[in-house]
Structure formats: structure tokens, C-alpha cells
Amino acid sequence: CLKQLPKGWRGAAVRALKWKGHFSALFNYKTEKYIVAKNKKVGVLYRLIQLSIIGYLIGWVFIKKKGYQETDESIQSSVITKVKGVSVTNTSESGVLLWGPEDYVVPPQGEACLFIITSFLETPNQRLGFCAESPKVLDGHCQHDSDCKEGRLVVAGNGVTSGQCLKKNTNSTGTCEIYGWCPIEKYFKPKGPQLKNAENFTIYIKNFVQFPKFSFSKSNVLETADGSYLKKCRYNEEINPYCPIFRLGDITKRAGYDFQDMATFGGSIGISIEWDCDLDKGYSHCHPKYHFVRLDINVSNNSISKGFNFRHTRYYKSTEGQSYRSLFKVYGVKFNIMVHGMVRIEVLTHLSASKATTLGTCLIVVRVQDVIVYVSLQGAFFCDMVLLYLIKKGTSYRERKFEGTWCGK
Amino acid sequence: CLKQLPKGWRGAAVRALKWKGHFSALFNYKTEKYIVAKNKKVGVLYRLIQLSIIGYLIGWVFIKKKGYQETDESIQSSVITKVKGVSVTNTSESGVLLWGPEDYVVPPQGEACLFIITSFLETPNQRLGFCAESPKVLDGHCQHDSDCKEGRLVVAGNGVTSGQCLKKNTNSTGTCEIYGWCPIEKYFKPKGPQLKNAENFTIYIKNFVQFPKFSFSKSNVLETADGSYLKKCRYNEEINPYCPIFRLGDITKRAGYDFQDMATFGGSIGISIEWDCDLDKGYSHCHPKYHFVRLDINVSNNSISKGFNFRHTRYYKSTEGQSYRSLFKVYGVKFNIMVHGMVRIEVLTHLSASKATTLGTCLIVVRVQDVIVYVSLQGAFFCDMVLLYLIKKGTSYRERKFEGTWCGK
Amino acid sequence: CLKQLPKGWRGAAVRALKWKGHFSALFNYKTEKYIVAKNKKVGVLYRLIQLSIIGYLIGWVFIKKKGYQETDESIQSSVITKVKGVSVTNTSESGVLLWGPEDYVVPPQGEACLFIITSFLETPNQRLGFCAESPKVLDGHCQHDSDCKEGRLVVAGNGVTSGQCLKKNTNSTGTCEIYGWCPIEKYFKPKGPQLKNAENFTIYIKNFVQFPKFSFSKSNVLETADGSYLKKCRYNEEINPYCPIFRLGDITKRAGYDFQDMATFGGSIGISIEWDCDLDKGYSHCHPKYHFVRLDINVSNNSISKGFNFRHTRYYKSTEGQSYRSLFKVYGVKFNIMVHGMVRIEVLTHLSASKATTLGTCLIVVRVQDVIVYVSLQGAFFCDMVLLYLIKKGTSYRERKFEGTWCGK
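Reading guide: rules and limits
- Residues numbered from 1 in each chain as written.
- Chains lettered and ligands numbered in written order.
- Predicted model: local features only at pLDDT ≥ 70, side-chain atom pairs only at ≥ 80, totals over all residues.
- Heavy atoms only, no water.
- UniProt positions renumbered as here; feature names shortened; annotations may be inferred.
- Patch = residues over 30% accessible without salt bridge, like charges linked within 9 Å, V, L, I, M, F, W, Y side chains within 5 Å.
- Areas by Shrake-Rupley, 256 points an atom, 1.4 Å probe, with all protein chains shown as cover.
- Salt bridge = Lys/Arg side-chain N within 4 Å of Asp/Glu carboxyl O.
- Helix = DSSP H or I, 4+ residues; strand = E, 2+ residues; numbered from the N terminus.
- Buried < 20%, exposed > 50% of the residue type's maximum accessible area, 1.4 Å probe, protein only.
- Phe/Tyr/Trp six-rings, centres within 6.5 Å; stacked < 30°, edge-to-face > 60°.
- Lys NZ or Arg CZ within 6 Å of the ring centre and 35° of its normal.
- Contact = heavy atoms within 4.5 Å.
- Disulfide = S-S within 2.5 Å.
- Arc of directions from axis to C-beta.
- Polar contact = N/O pair within 3.5 Å; in protein donor to acceptor, adjacent residues only side chain to side chain.
- Pairing = 2+ DSSP bridges.

- Recorded in UniProt for chain A, the comment headed Catalytic activity (unreviewed entry) runs: "Ca(2+)(in) = Ca(2+)(out)".
- Regarding chain A, the UniProt comment filed under Function (unreviewed entry) reads as follows: "Receptor for ATP that acts as a ligand-gated ion channel."

**What about a nonpolar patch on the surface?**
So, step 1. On the surface, Val44, Leu48 and Leu51 of chain A cluster together to form a nonpolar patch covering roughly 280 Å² of accessible area.
So, step 2. Tracing the backbone through its elements, the reader meets Val44 of chain A in helix α2 (residues 40-64).

**Description of the pattern of salt bridges**
If charged atoms from side chains of opposite charge come close, those side chains can pair.
So, step 1. Overall, the coordinates contain 36 salt bridges over all chains when judged by the stated rule.
So, step 2. One salt bridge in this structure joins Arg254 of chain B and Glu238 of chain B, with 3.6 Å as the shortest N-O distance. One end of the pair, Arg254 of chain B, is in helix α5 (residues 248-254); the other, Glu238 of chain B, is in the loop between α4 (229-232) and β14 (245-247), and 16 residues separate them in sequence.
So, step 3. Of the charged contacts in the structure, one is a salt bridge between Asp296 of chain C and Arg294 of chain C, with a shortest N-O distance of 2.9 Å.
So, step 4. Looking at Asp296 of chain C, the relative accessible area reads 1%, which means it is buried.

**Things to note about the packing of aromatic side chains**
So, step 1. Tallying each qualifying case throughout the model produces 51 aromatic pairs over all chains.
So, step 2. Relative to Phe201 of chain C, the ring of Tyr104 of chain C has its centre 4.3 Å away and its plane inclined at 10°; by these criteria the two rings are stacked. One end of the pair, Tyr104 of chain C, is in helix α3 (residues 101-104); the other, Phe201 of chain C, is in the loop between β11 (174-182) and β12 (202-211), with 97 residues separating them in the sequence.
So, step 3. Take Tyr104 of chain C: its relative accessible area is 0%, and that puts it in the buried class.
So, step 4. Residues Phe216 of chain C and Tyr283 of chain C carry aromatic rings whose centres are separated by 5.7 Å and whose planes lie at 65° to one another, so their mutual orientation is edge-to-face. One end of the pair, Phe216 of chain C, is in strand β13 (residues 216-219); the other, Tyr283 of chain C, is in the loop between β15 (267-278) and β16 (289-294), and 67 residues separate them in sequence.
So, step 5. For Phe216 of chain C, a relative accessible area of 9% translates into the label buried.
So, step 6. Members of the aromatic cluster, each reached through a chain of ring pairs, are Tyr235, Phe246, Tyr290 and Phe292 of chain A.
So, step 7. Looking at Arg314 of chain B, its charged tip hangs above the ring of Tyr315 of chain C, at a distance of 3.5 Å from the centre.

**Some points on the environment of Gly341 of chain C**
So, step 1. Examined against the element boundaries, Gly341 of chain C turns out to sit in strand β18 (residues 323-346).
So, step 2. Those residues in contact with Gly341 of chain C that lie beyond four places of it in its chain are Asp72, Glu73, Ile75, Phe211 and Trp275 of chain C.

**A closer look at the state of the cysteines**
All names here are of chain A.
So, step 1. Taken as a whole and judged by the stated rule, the model has 15 disulfides over all chains.
So, step 2. With its sulfur 1.9 Å from that of its partner, Cys131 forms a disulfide with Cys182. The sign of the S-S torsion, about -80°, decides the handedness of the disulfide formed by Cys131 and Cys182: left-handed. Of this pair, Cys131 sits in strand β8 (residues 113-132) while Cys182 sits in strand β11 (residues 174-182), placing them 51 residues apart in sequence.

**Comments concerning helix α5 (residues 248-255) of chain C**
Residues and elements named next belong to chain C.
So, step 1. All buried positions along α5 are accounted for by Leu248, Gly249, Ile251, Thr252 and Ala255. Down the axis of α5, the smallest arc covering the buried residues is 160°, so these residues share one side.
So, step 2. At the C-terminal side of α5, Gly256 shows a positive phi close to 95°.

**A word on the UniProt feature "binding site: ATP" (unreviewed entry) in chain A**
So, step 1. Residues annotated in UniProt with the feature "binding site: ATP" (unreviewed entry) correspond here to Lys82, Val83, Lys84, Thr202, Asn309, Phe310, Arg311 and Lys329 of chain A. What stands out for the annotated residues spanning 248 residues is how far apart their C-alpha atoms range, the widest pair being 24.3 Å apart.
So, step 2. Structurally, Lys84 of chain A can be placed in strand β4 (residues 76-84).
So, step 3. A residue is classified by how much of its surface remains accessible, and Lys84 of chain A, at 42% relative accessible area, is partly exposed.
So, step 4. The residue Arg311 of chain A is located in strand β17 (residues 309-317) in this model.
So, step 5. When near neighbours in sequence (up to four residues on either side) are disregarded, Arg311 of chain A contacts Glu185, Leu327, Phe328 and Lys329 of chain A together with Lys82, Glu102 and Pro108 of chain C.
So, step 6. At a separation of 3.0 Å, a polar atom in the side chain of Arg311 of chain A contacts the side chain of Glu185 of chain A.

**Looking at the environment of Asn158 of chain A**
So, step 1. Following the sequence through the fold, Asn158 of chain A ends up in the loop between β9 (141-142) and β10 (159-166).
So, step 2. Discounting residues that sit within four places of it in the chain, Asn158 of chain A has contacts with Glu133, Ser134, Val137, Ile178, Gly180 and Ile184 of chain A together with Val86 and Leu98 of chain C.
So, step 3. A distance of 2.8 Å separates a polar atom in the side chain of Asn158 of chain A from a polar atom in the side chain of Glu133 of chain A.

**Thoughts on the pairing of strand β18 (residues 323-346) of chain B**
All names here are of chain B.
So, step 1. Among the 24 residues that make up β18, 19 are buried, leaving the element largely enclosed by the rest of the structure.
So, step 2. Two elements, strand β3 (residues 69-72) and β18, share 4 bridges in a ladder whose sense is antiparallel. When the bridges of β18 are listed, Thr71 appears paired with Arg344.
So, step 3. Bridge analysis of strand β15 (residues 267-278) against β18 gives 12 bridges, and the strand direction is parallel. Following the sheet pairing, Gly270 is matched in β18 by Asn336.
So, step 4. Where strand β17 (residues 309-317) meets β18, 9 bridges bridge the pair, whose relative direction is antiparallel. Note that in β18 the partner of Lys317 across the bridge is Ser323.

See the structure below:
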């Protein structure tokens, strides 16, 4: 009927119709075409595959991984330590000494990282003056005074050379005279820990944790009516797993090492406190787990890379105002306490409880949807394989699924 | 026409054709077949669903989550602290003492984790010798000298027994005589902080952060022309949120606790500095936020697990060379400064700026694609439901979508 | 034939048939219908796109990202440091002093975070008493005795006012007399590091790492038969990258700063140790990499926020039992050692090795599947575009792909 219109109108009408076509095509709904294979065997197979995938996913996501629970991993933690125990040492340099935690714990302020002295060498009454450099310092060896040019700092040594080479006799190798804290510390190789009963010392670890999202907080110290419980108990994984007081010897034993061995040259132990609480089970079922691991495994027997020691000093002043000091070289075991963990809570029953859980519900919905999509994809893949390649009438199915031989040439 | 060929040739030709078929099938292009449902209602519904999903996703991913921005979370941070304030104490043991930061901050070296002494008990002039064990130590109680076998280390005690049991009268329970640092520290339960004005002390927190990916660095110290600003200002969330100097009393108040209460038995406070900067808004709009939280919430009233104290010593030597010491039991508040954060930058305008952003652009493309896939899947699902189950002519649609009843039997 | 049945039976039979239909429909297998476009150009294009995507993904996921390897990022690390070197200082307050690591390293116990003193001001022989407040303390300025009310604690000052205003003459501004540790520390602006050769000091960093999943552990200390190697070697990225002994001057140089500049007012350096080991290449090929970065970049010239210093004290007692002390204001450089890293292992050859790797194999399967899905989606999208819009016979393809004009009206 467009032919009856005048020429100019006709073009406009055609264009209008074209636009109308485009516009109405905008509201067409395109959807994939399916074919239905009424093959009982394949149909049953398809459903079986779907069921097994659903079962597997429910088992995995919801029961094993507890996908219906929401977690909070933003742990806020505080660790306070307190060491108890005394030890007596008797050395030629220091005489009889009594060691309390205020002496052998470095630093003393009860931090999560602490060092416990097990062996020491005191060099008392050092004063600034002139003496021979230690023969252990390679750079301090000399043949002539010219090897000890005045004012030279001895590399890895103990002072500055005075210009003199001190020798026993003219032919031997001597050591430079230095200005430094004299006498020089003598050579010392520990033969065993001097604080012999250090393995009986105890660490009381107070750990407070908070999980702000669920406003949950707890301490590792067992709440008990028995006031003297904390005075007597000792941690033991089997008998007493909730006691926060640890014997040093037990810690190293759990880490797989002998305390006396570690104490001789020093070492480093990591204590990890792990919180993993299911809040649905109740507040009183939430307990931390402790793991112990040695951190400084000696891969080689190289003595220079072995053990852990450092030096510290105590300064004194004589009545004349002159400074003198005691130098302590100490060996010991370093303990490093690390806290990590999370809490979990069931989402659906706590729907109205907090804002946080609405997100949790969304996550469940998304997870369920993912499962459905995954299931139909996987099921279809296997069934297609069966229909196309295993069943005799495969070709007829193939012709139906992959339609006609259209050539775009 | 194959029939005209000789028998041997025929088979070869058939095989050749078969291979050719397989080979050309390799270059067939298989694509899903769609059907077009020209139903205006459903079409409009489809587009509406798509639009709403797109709108929601743009709103969520791009406006709320700022998906068009790239982030850098690899923060490099340095914290330096400096405490100011003095306090005077007057105790019978120590006399009048003036406390400056060099005394009450432990450790003194301005670290991110510091302890401020608020209460103390000095036991001056302890010397190694013999005296009675503290009656508080259960293991030191005795009835007879045999309870104090010579050389036994008292568990959780202060020394090694000499073999004598010291008693007031023959029937009372006594305590073993020990060799240790005498006199023994007396029992002390703080009645309130001795450094009474500790809540007026200030911490100056210098925090430098760097984000290497965008080579952005900033300090929390406000850059100002006013030289005396840092000498006078105090942090206040409302009035002065950019001042890096914090009054201790304000910190505990923000954490929800009273300083004097915490100071009596000691406690632990976490200060978190959070950087979250949108670099597109400009350098001067990037400021950290401070949060304060108490870390050692006392869940029980068990006194042994309450508060925070430790002991440290100062060693002296007499003119005769004998060691003596002062033992300090100190209570106080521990502050723990934690820094975390990230910076964000708009990706598209910074395309050519750095290598890092090319990855960012890829991410945007992938995100947009995800949105498209998700939109078409979701829209189709709802529309199919409508067409199949809600519309009267559903069966006709169903027949079209799910083609013929092919039986694979 | 249903018509022959009695009325009641007929309904039941119809219902039974309906149910049977529903039930058997449950075992129908619905699958998407495809059409095959036998267009060589498009087919070749399709395969090319697929091949290029597969190539890209194999290159990216498997070769660049090493997707066939499983990683362990749960690093357990221990750091021990030891500083060596001596320095001589000569100041009017302290005389000639020899500094060893036991003096200039704070804290001395060889931790991962250590401070090295490069400049200091000693205020020796401070005793509790009365003296004038420092003129630098604004709150200590006074005109009249009433400005120094007795017992007032001077804000950011050094003591408590005695009630007297000390002035040179009646008109000048004076400072309050205070009770505190006298004499007050004098004003000090370092002109350069006093421990001039501090840049020649060396840090020996012992780092042990463990990766529990693959039970792999290693130290950064090179295992060598040469016993004196560790006594002589110095870290150098090019010549000696495996030596764990670092010269301080080299560290700051690598971080991009001059040591003498940093040492004057103090600063902060981060040393990061990065382990990234491919265990398939062998144990001896696993070495850490070191990175150095300055953490306290001075963004402004504000002197109050510049550098790093703190005060510490040494307490003495006179023969009469009176305490006196030395106050040290020290400047220096803080070093912060951070360890991070991961190890990688090839999955397939280690299939039976551990439980962990079975998960790894699953991940590979999932990854390959993702690639396949992604490839077919992407390829189809491009080919459809070509067939629909670029090829002349597009309309015929369109009619085939988007079936008939079914109207749901």
C-alpha cells in the first residue's frame, strides 16, 4: 500500500517503518533454544550427575567449609607475659649470684617477645685505658709497631690502637695495644647452661583477644572459682590444655628440642596462639590452641652462625667520678608469641541481629546460585558426551543439536 | 560417481572424503541457536530487569566500591613517639622523686609500643644475703628446718633455702630462710596511681607512610607555617583532628575507660592509625584517622589476671666493690600503635602515567564484561519464568524454546 | 480409547497419565540447540581466536604466573642481628669515650628492630635539687614570682616550680626556679655525627625461614667450607649478594640517602628480606633478596618533626646513698628488618608426595576448565559479530540463529 503514496512521502514512510522496526526489535526477547532429548538413560544419568554434584557441594561448602557461617578475622590482641623462677650461679668472675626474672628476662617489661638468659660471662670492673687487643681479632695482629698506627680503629675489635705492638718475644706474632674498656673480655665457649634449672622457669602468658564485628572478647586465662588454680597449674596438652602457665622445658620439648641443648648456645622458639571459635557452640567452648616451633634451625655446623648471644653492660661510677662497668655476654632462648585466629557465627538465625549478617545472607544466596549454575553446566557436559559419542543413535541427536548445514558462502 | 572407480581406489577415495569431512568440520563454526520472542510485555520486562541490574551494579561497583579506582595497600610505615610531662612522687621508700619521660617510658627509645609507668614500689639497697622468704610464697612456708632443705630453690619464690625455718614462736607457721636479694620486696597493692598527673602527659606520634606503587608519601604531622602549632596543639576528634599530640587521659577516654582506673593496676591500649586516601581529591585531603581501643578487658575479677606490672632493677656498686641494687615493681599503661591503610587513584585518566595502571584498566574491562554476562543471565532467567509459567500462551513459547520431542531410543 | 471407560475411571486415568507425564519429563534431558555455520572464513577466524586466547592464557597463567606450581606463603621467620665496630668520641662533657656495640645499639639484644646511636649529648652528674627551668620551655617563662606558683608542674618542662622567678634584672623575662634533676640539659643542635665512623659499622643479619607445608627451611647465611668467609665478606648486590653482613653506609646509600646526613639528626631505614624460591630448581638456588628504603622522609622542613632522638639515663649512687644520674640525649638511625616471601613447587610430579598437592592438582583442573569456558565464550562473541554485521549474507545467518518470528501475543 506504500506504492499509492507520493514519492517524497513514500521514502519518509519507509524510513519511519525502518526506525519503528529497530525500536520494536529493542523489546524483542532473545532466548536460547533448547532441544529436549527424551532418552530415559541419559535423563537419569543427567539427574544423577546433578544430584551427586549438589551432594558434593553441600558436603564441601556447607558442612566441611561451614559456608552457612560468617567469619570475623580482624583479631585485636594483647599479650602480657610474666616469668617466674630463680636460679643460683657460681662463677669465678661474678661469685655467687642469685638470678630472678628481673635479671634474666630481657626486656623485663613482659612483652610478647622475650629473651631468657641461660648462660653468661661477666667481665667486671672494665675501665677506659690501654691493654692488648684480643688475639681472636684478626685485624689486631701485628709484627711491628708500624702495624698498629696510632689512632686506627681495629676492625671488629675492641678499641683504637695506641701505636704499640705488644709481643711476648721479638719473633712471635703479637697484638696491638689499644685504648678501650680494659681488661678485654676473655674467650668463652659455654659448656652448658649456667642457670641450670632454667628449664623449670614458667611463663605465664596472658592473652586477650577481641573480634569487633561480633563484639566478642575473651582471655586465654581460664575463669575458675578456684583462686589458687593459677598458682599451681601447668600447661599440658592432654591433661591441662587451658592452663596459661608454661614450663620452659615443656615448651622446647613440644617444639621437638631439648632445653639444655638449646640453652647452651642459645636459640629461638615461636609460640603461636590460635583462636578458632564457633560462637554457636557457646562462649565457654572457645579456647585457644598453642603450637610451639623452633625458629632457628641450624642448617650447618658453622659455629659463627650458631646460637644466640649478645652483650650488655652495667655502668658504675667510683667516688672520684670515674666510670667503670661490667660487661655481660649472655646466651639464652628467645620466645616469640604470635596470636592469630577467627570466630564464626551462624548467619540465618542471626539475620536480624546485626547489619553485618545481611551481607552474610547475600553471600549464601550467591553461593547457592553459583552451585546451581555449576551443576547445570557440569551435568550438561557429561550428558552431551554420552549422547554424542556413546549412544548408537548419536548421529540423530547430533543432527538435532547441531542444526542443518547452513552455508554462509 | 564413486561407483565407477576400481574397488581399491574406491575405498581410498571414501576414506579421503571422510578425512576431508573431518578436516572441514574443524572449521565449522558452532553457535547457540536463539529464538526471538516478539512479546512486548516480556521484552519491556527484560530490558527493565537489565537496566535495574546495570544500575545496581554501577551504583555498587563503581560508586560505592569505587571500582574505577585502583588501590595500593602495600603500606610502608614508620612510627616514632615522644612523651612529654613530668610528675613528682613522695613515698617513704624513695623519698621525693621527679619523674621525666626518660624514667617513666619503657623502653625509652620512642618505639611504636611503649609502656608508661603510673605506679611503683621501690625496694632500695637490696644486697645478696640471708633473710626470710615472703609469707606470700606458698612453697616457702615451713614448720621445721627439714621443710627448708639446704639448697632448695623456692618455687615462685625469691631465693634458695639455707636450711633454717624462721618462726615467731614454736607453734606458728614460719617461712624458710633464703639466700637472695635482701630485704625481700614487701607486699604492695596500689591504691591509686602515684604519678597522679600521668593523664596529662602527652604522646607526640610521628607517623610516616609510603605507598610505593603510586610513589606517594605523607606524614601525619600537619604541615603548617605556624612554628609553634606543634608546641601548643592537642588532638581532639572534633576541633583539632590533625594534631599528632595526644593527651593520655583523652586516649583512654576515647577508648571508653577512665585513666585513673586503668593506671592503678595497669592496662593496655591500642591506637590504630588508618590511612584511606583518595589521591584524586588531592594531597592535602589525605589525613589519617585515629581509633583507640582497650586491649586487656578484664572479663573476670580474678586479681591474678588483672592489670599489668613488671619489675626492673638498677644496679650499684659500693666503694668496696660489693653490688647492691634497687628493685622497682612498676604498674602502668601500655600503648601499642598500629598503622594500616591504602590509597586509591582513578584509573582511566592515569592510563599513560604508569605501568601499574595498565593492569587497572584491564581489571575495569574484565569487571564491565562480568557485569554484562551477569546481566544477560539474570534477565533471561526472570523472563523465561514469566514466559513459561505466567503468560497464557506459555505452552506455545515452551514448544518453541524446547524443540520437538526427539526420542533417542 | 479413554472414552470407553466409565466416568469416574476416566478422570483418574487422565490424572494418572498427567502424573506419569510429569514424572517422565523429569528424566528428559534439555540441552541447548546449536547451529553450524559452514563458513570457512569465519571458521578459521574462530579457531584463530581460540588459539590466540589459549596461547595467551598458557603464556600468562602457566609460564608467567607459574600456574602449574603450588605456593606456600605461610612463612615462619626468625631474625637475629649483631652489630660490630667501635668508635671514639671526645666531648667536653664526657671526655674521651670508646663506644662498642653494647653501648650504641639500643636495645642491645640483637632484635629485628634496632637503633644505632650516632650522636649524643651527656648531661653528667644530675642531682635532684633546685635550678632554673630551661628558657626553651615556654611555660617556664615568668615576670613575677606569682607566675611560678609553688608546686606547679611546668608543661613540657623539667620539673615542678618552687615559687621563685629567677631573673637577670628586674625588667627582663626570667624563668621559674624548679625542683628537678639539676643541672638542666643544655640546648644542643648536632653539627654532624659524633660517632664519625658509624657508617663503617656492620650489621650481621641472621635470618632463618621455614615453610611448614613443604617442610622447607633455610638460612640467609651462605653455607660455605671457608670458615673465615663470614669474618671478611661484605654484602654487595653485584659482587657478593649472598653475604649477610652489611655496612651501614652501604645500606643508606642503597636506600638513596647519605649516611652522614641521616646520622646528624637521626632517621629510620627499612630492610626487607624477600624469599621467593622455586624449589624445583634446587635447594642451593634459593636465596633471599634485600631491599632498603628510608622510612621517615622529611616532607617539610619543620625542625620539630625532623630526625629521631630520645633520652635515656644511667643511675648511680654516692657513698652517702644519694642518687645521681647521667642523662643522655641520643640521635641515631633506626633499622627495621622485615621478612616476607613464599616458596613454589611443581604440582604434577609431586602428586603423591603430600596431601597438600592433591588440592593443587584440583586447582590446575579448575584453571584449565576456566580457560576452556573463557575461550569458547570469547571466540563465539567475536565470530557472531563478524557473521552478523560484517559478512554480506549476515541476514541469512541472523534468520538461522535467531529463529522465526514467534509472537507471544
